[in-house]
Amino acid sequence: ASIILYCHYLIRVNYLFAGFILLFFSAFLSYSSPPYILGASVIFLIEKKYKKFLIFLIPGLIYIFLYFLYSIYFPQYENRINDDWNLIFLIQNFILQILSSFDALFGPSSILKYYFSIIQNNIFTVILSLIFIFILLRSNILTKTNFSKSLFIGLLTIYILSLIMFSTTGLYLQSPFNLG
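Described below are features of the structure shown in this document. (Residues numbered from 1 in each chain as written. Predicted model: local features only at pLDDT ≥ 70, side-chain atom pairs only at ≥ 80, totals over all residues. Heavy atoms only, no water.)

## Some details on the packing of aromatic side chains
Scanning all chains against the criterion turns up 11 aromatic pairs. Taking the centre distance of 6.0 Å and the plane angle of 65° together, the rings of phenylalanine 44 and phenylalanine 56 count as edge-to-face. Of this pair, phenylalanine 44 sits in helix α3 (residues 33–46) while phenylalanine 56 sits in helix α4 (residues 50–73); the two residues are 12 residues apart in sequence, bridging distant segments of the chain. Across the pair, phenylalanine 56 and phenylalanine 44 agree in class, each one buried. Where tyrosine 67 meets phenylalanine 68, the ring centres are 6.2 Å apart and the plane angle is 70°; that geometry is what we call edge-to-face. Residue classification places tyrosine 67 among the buried positions, given a relative accessible area of 11%. An aromatic cluster of at least three residues, connected via ring pairs, comprises Phe24, Phe25, Phe28, Tyr31, Tyr63, Tyr67 and Phe68. (Phe/Tyr/Trp six-rings, centres within 6.5 Å; stacked < 30°, edge-to-face > 60°. Helix = DSSP H or I, 4+ residues; strand = E, 2+ residues; numbered from the N terminus. Buried < 20%, exposed > 50% of the residue type's maximum accessible area, 1.4 Å probe, protein only.)

## Comments concerning a nonpolar patch on the surface
Taken together, the side chains of Ile123, Phe124, Val126, Ile127, Leu128, Leu130, Ile131, Phe132, Ile133, Phe134, Ile135 and Leu137 make up a nonpolar region of the molecular surface, amounting to roughly 1300 Å² of accessible area. Its location among the elements puts isoleucine 123 in helix α7 (residues 123–138). Look at isoleucine 123 and you get exposed, because its relative accessible area is 62%. (Patch = residues over 30% accessible without salt bridge, like charges linked within 9 Å, V, L, I, M, F, W, Y side chains within 5 Å. Areas by Shrake-Rupley, 256 points an atom, 1.4 Å probe, with all protein chains shown as cover. Salt bridge = Lys/Arg side-chain N within 4 Å of Asp/Glu carboxyl O.)

## Things to note about the packing of helix α1 (residues 2–12) against helix α2 (residues 16–27)
The interhelical angle for the contact between α1 and α2, taken along N-to-C directions, is 165°, at an axis separation of 8 Å. As judged from the angle between their axes, α1 and α2 are roughly antiparallel. As for the relative orientation of α1 and α2, their crossing is left-handed in sense. From α1, Ile3, Ile4, Tyr6, Cys7, Leu10 and Ile11 reach across to α2, where they touch Leu16, Ala18, Gly19, Phe20, Leu22, Leu23 and Ser26. Of the residues belonging to the contact of α1 with α2, the class tally is 11 nonpolar, 2 polar and no charged. (Axes fitted to C-alpha atoms, helices over the stretch in contact; angles between N-to-C directions. Parallel < 35°, antiparallel > 145°, perpendicular 65-115°, else oblique. Left-handed = near helix turned anticlockwise from the far one by under 90°. Contact = heavy atoms within 4.5 Å. Nonpolar A, V, L, I, M, F, W, Y, C, P; charged D, E, K, R; others polar.)

## A look at helix α8 (residues 149–169)
Side chains of residues three or four places apart in an α-helix project in the same direction, reflecting 3.6 residues per turn. Helix length check: α8, at 21 residues, gives a terminal C-alpha distance of 31 Å against a target of 30 Å (1.5 Å per residue), a fit within 8%. Along α8, the residues that are buried comprise Ser150, Gly154, Thr157, Ile158, Ser162, Leu163, Met165, Phe166, Ser167, Thr168 and Thr169. Among the structural elements, α3 and α5 (87–106) are those in contact with the buried residues of α8. (Expected span 1.5 Å × (residues − 1).)

## A few points about the pattern of salt bridges
In total, this model carries 2 salt bridges according to the counting rule given. The shortest N-O distance in the salt bridge between glutamate 47 and arginine 12 comes to 3.0 Å. With glutamate 47 in the loop between α3 and α4 and arginine 12 in helix α1, the pair connects residues that are 35 residues apart, well separated along the chain. Given a relative accessible area of 28%, glutamate 47 falls into the partly exposed group. The exposure class assigned to arginine 12 is partly exposed, which follows from its relative accessible area of 28%. The residue lysine 49 makes a salt bridge to glutamate 47 at a minimum N-O spacing of 3.5 Å. Given a relative accessible area of 31%, lysine 49 falls into the partly exposed group. Residues joined in a network through salt bridges with shared partners are Arg12, Glu47 and Lys49.

Keep in mind these values describe shape, not function.
Set out below in structure tokens:
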């Protein structure tokens, strides 16, 4: 995901060719790349930067097309999409994805994660934390509010598309411990 977002930066600052080439290769690095590419391209669409939107969208569409082509003709090698899925299966898995993501962020699983990370602290981490908090309070970073509607919608799109993509497989639930 970080390479895809770096490609978004490259295209944003008009390194169109370098951003496109790197994005093309990074689209094939991970099964989870389509939501990031489609969601980040929405940012360009909202900002009415249509050329950059298309440049960013094309590698993702190529990956999706080739993935479906590959999974149809070579299902014995790669097929993460459940063959038995229907609308009810998709809706049930989508609801399960939403519930497990809220559990990973706010539920008992995350409370355990916070608890175990806190009890592992020592004097060194406390000193570093205090220094970091002091630097934040001295800077103006906490008082600045620079809300970007296009960035928020892009991130929300990435989140929703990720849930939909994982809903089609029925394999991956959200986990605060990265075990899913």
